[in-house]
Every structure is written in C-alpha cells, then in structure tokens.
Amino acid sequence: MARRAAVYGAGSWGTAFSLILADAGCEVALWGRRPELVDAINATGVNDAYLPGARLPGAVRATTDPGAAALGADLVVLAVSAQHARPLLEDWRELWTPETVFVSLMKGVELGTGKLMSEVIAETTGAGPGRIAVLSGPNLAREVVERRPAASVVACADEGTAALVQAACHTPHFRPYTNNDVVGCELGGAVKNVIALAVGVTDGMGLGDNAKAALVTRGLAEATRLGVAMGADPLTFAGLAGMGDLVATCSSALSRNHTFGRHLGAGLTVAEARGRTTQTAEGVASCRAVDALGARHAVELPVTRAVVDIVHGGRDPEEVVGALMARAPRPEGLA
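Residues numbered from 1 in each chain as written. Predicted model: local features only at pLDDT ≥ 70, side-chain atom pairs only at ≥ 80, totals over all residues. Heavy atoms only, no water.

> What should I look at first to understand the overall build of the protein chain in this one?
Assigned secondary structure in the protein chain consists of 15 helices and eight strands. The C-alpha atoms of the protein chain give a radius of gyration of 19 Å, which matches the 20 Å a tight globule of 335 residues would have. Its C-alpha atoms give the protein chain principal-axis dimensions of about 55 × 40 × 35 Å. Taking the intrachain contacts of the protein chain between residues at least 6 apart in sequence as the baseline, contacts between residues at least 24 apart amount to 71%. Here the protein chain has roughly 13,700 Å² of accessible surface; of this, 53% comes from carbon and sulfur atoms. A gap of 3 Å separates the mean positions of the 29 positive and 34 negative side-chain charges of the protein chain. (Helix = DSSP H or I, 4+ residues; strand = E, 2+ residues; numbered from the N terminus. Rg over C-alpha atoms; globule rule 2.2 N^0.38 Å. Contact = heavy atoms within 4.5 Å. Areas by Shrake-Rupley, 256 points an atom, 1.4 Å probe, with all protein chains shown as cover. Lys, Arg positive; Asp, Glu negative; His and termini not counted. Charge placed at Lys NZ, Arg CZ, Asp CG, Glu CD.)

Take a look at the structure:
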C-alpha cells in the first residue's frame, strides 16, 4: 500500500482528497501556489479559503515547494485546473521517478489539443498507461470533508495500479471501485461539467424539474455517444463516473458548474458569473474542447453546443432553449 502521497492543488477537491488519503493511513504533502494559504493550512489545519471549518488530519502538511512535496511520494495526485496542467507538469517533470504513480483528479479536456488529462500526463511525464490512474465519481468536496458516505471509481489500464490507488483512498466513508476504462471515466467527468452548466441555466430560468431531468438524461446520452466513438465502454456511463457524477453535479447547490450556469440563466453575463464564482468551473473552458471532440469524431452533441453558444457565443439562453426544443423529433436510443 502507498504510504506517502503528494497532492498538487490546494483547492477544494485537492484538499478534500488529502483528507481521504490521510484517513486511509497516508502521510500527505499538499502543494499550494499561494504562501498565505499554505501557511494558514499548516497553522490551523483548515483550508478556510476553500473549505471553511473543515479540519484536516495531522498527517496533512502543506507546502509551496513542488520538489519537497514529491520527496518519497508513492503517489502523485494531480488536482490542478485542467487548462493549466500541461505547463505545470512540464515544469515539474524532473521531480518524478520512473516508478511514480500518477492519479488524476482533473475533470476536463485540454483546449486546442482535445487531449484527456491522462494523455496530458503521459505526454509531459513520459509515464506509461500502467502508471496513470484517474479517479472520478460523485464527490462533492464539502460532503467529503464532512465524512459523509461517498463512492468513486479508480480507472487504470493496469489492475495492480488501480488496486494500489484503491487501497490508498479506501476509508469507512469513501468507497472506491476499480475499472480499466480510463477514457470512459475521464469523459464522464469532463462532459458532466458541461451538462451541469446547461442544467444550471434552466434552473436559473425557472424552467422546472422536467427540463432538468430531460437535460440530465440527454446529456448522459451525449457523453455515452462520444465515449463509444472514442473507444469507451458504454456501461461506464451508467456507473459512478457517468450517471453518478452527473446526478450529483447537476442537482447540488455545492456544484460550481451548476452554480455558474444558474447565474447565466438568471440573466448575468459570463463576466458577472465569473465574479460571483470563487472557484474554477471547468465546464466553462471544457465545453469548447468537448464540442471539438464531437466534431472530430462526427458525434452530434446538441446540449454541449447549446452551452458553447451561451457561454462563448453570447446567445440568449431563452433562444437557445427554444432551438433545442425545436430540433427534429427522432427515436430515443442514444440519438
């Protein structure tokens, strides 16, 4: 079992996962960019900037030094913004050993390249697929640090690596399952952020639960269609990394993507919504990358396109919703 982990990213999910690892018996080095945040975590045991009042175990120590965090680490956990991952990993590539196991908590698709985060990790670190795992599921950070029951999926091409990561984060309150469908788990985590933006928009417009249920279901169909085109197992999207994560992100007030979308639906501009959102809503950037993946694989993604039109095209949400409802009727299936 892993005994020491380095977690890069002291935002809400990186901090919450540090707590999970410590509860499971790991010593954890939590890297953060801002000295004042790191000093406060070490002085108080609390990351008040992201998770006010949630006390971290004593096994978690924060640092601004990426090299110090990496020393002796069995696991390197990456919880930085998806769009900032590549330059950071390129800067840090000399920190890793040929045995380092990487765990991605990042849920996004890289703009410009259309790469999944596991692919970005492989390209920047030289690690093979057997050393790269992804963790995805319905894991709202606030509930995790309150030690409410949660489950997730650890996906890796190597069963032994998946089992290693599973053991490192298995606690009485956090239940990880293993899977070998890395593409499906990653796509589920990336696309659900886009669908959560759409659901937030309809909630902000007051369109009701029928509209929400329709968007969640059709959003799942989009993710599944794209996943199948990219070689994923369609059953993955019926599990924790698909439907599970989608339900949590689309229904909870704790979801930053849902909150961002709700602001847009209520009439705020994108700039105004950003001003009211203290943490990164990954779907804002990833919606364009997911849309581009759909075009590349000849997969129709109407909900994703609608989000791109609202967030990046400046279209009125009411007009976009009307256009979605006016699309030609067809059989359900995955169409």
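Next comes the rest of the write-up.
> Teacher, can you tell me more about the nonpolar core here?
Nonpolar side chains tend toward joint burial in soluble globular proteins. Membership of the largest hydrophobic core comes to 41 residues, with the highest contact counts inside it found for Trp-13, Phe-17, Leu-21, Leu-105, Leu-135 and Phe-174. Of all the elements, helix H1 (residues 12-23) adds the most residues to this core, at seven residues. Residue contacts for Leu-105: discarding those within four places in its chain leaves Trp-13, Phe-17, Val-77, Leu-78, Ala-79 and Leu-135. Val-199, Leu-246, Cys-250 and Leu-264 belong to the second largest nonpolar core, which has 40 residues in total. (Core = buried A, V, L, I, M, F, W, Y, C linked by side-chain atoms within 4.5 Å. Buried < 20%, exposed > 50% of the residue type's maximum accessible area, 1.4 Å probe, protein only.)

> Explanation requested: the packing of aromatic side chains in the structure shown.
How two aromatic rings sit relative to each other is given by the distance of their centres and the angle of their planes. With the rule as written, the count across this model stands at seven aromatic pairs. Their ring planes at 75° and their centres at 4.9 Å tell us that Trp-31 and Trp-92 sit as a pair that is edge-to-face. Residue Trp-31 is located in strand S2 (residues 27-31), and its partner Trp-92 is located in helix H4 (residues 85-92); the two are separated by 61 residues in the primary sequence. With a relative accessible area of 10%, Trp-31 lands in the buried category. (Phe/Tyr/Trp six-rings, centres within 6.5 Å; stacked < 30°, edge-to-face > 60°.)

> Which parts of the structure should I look at to understand the pattern of salt bridges?
Close approach of charged atoms allows side chains of opposite charge to pair. Under the counting rule described, the total for this entry stands at 16 salt bridges. Put simply, Arg-34 and Glu-36 hold a salt bridge, and the shortest N to O gap is 3.7 Å. The residue Glu-123 makes a salt bridge to Arg-86 at a minimum N-O spacing of 3.0 Å. Taken together, the positions of Glu-123 in helix H5 (residues 117-125) and Arg-86 in helix H4 put the pair 37 residues apart, joining distant regions of the chain. Residue classification places Glu-123 among the partly exposed residues on the basis of a relative accessible area of 40%. Using a relative accessible area of 17% as the deciding quantity, one classes Arg-86 as buried. One salt-bridge network, in which partners are shared between bridges, spans Asp-291, Arg-305, Asp-309, Arg-315 and Glu-319. (Salt bridge = Lys/Arg side-chain N within 4 Å of Asp/Glu carboxyl O.)

> Whenever I open this one, the packing of helix H8 (residues 182-204) against helix H14 (residues 302-311) confuses me. Can you help?
Two packed helices can be described by the angle between their axes and the distance between those axes. At a closest axis distance of 9 Å, the pairing of H8 and H14 adopts a crossing angle of 65°. Taken as axis vectors, H8 and H14 run roughly perpendicular relative to one another. Crossing angle aside, the handedness with which H8 passes H14 is left-handed. Judged by residue contacts, Val-194, Ile-195, Leu-197, Ala-198 and Val-201 of H8 engage Val-303, Thr-304, Val-307 and Ile-310 from H14. (Axes fitted to C-alpha atoms, helices over the stretch in contact; angles between N-to-C directions. Parallel < 35°, antiparallel > 145°, perpendicular 65-115°, else oblique. Left-handed = near helix turned anticlockwise from the far one by under 90°.)

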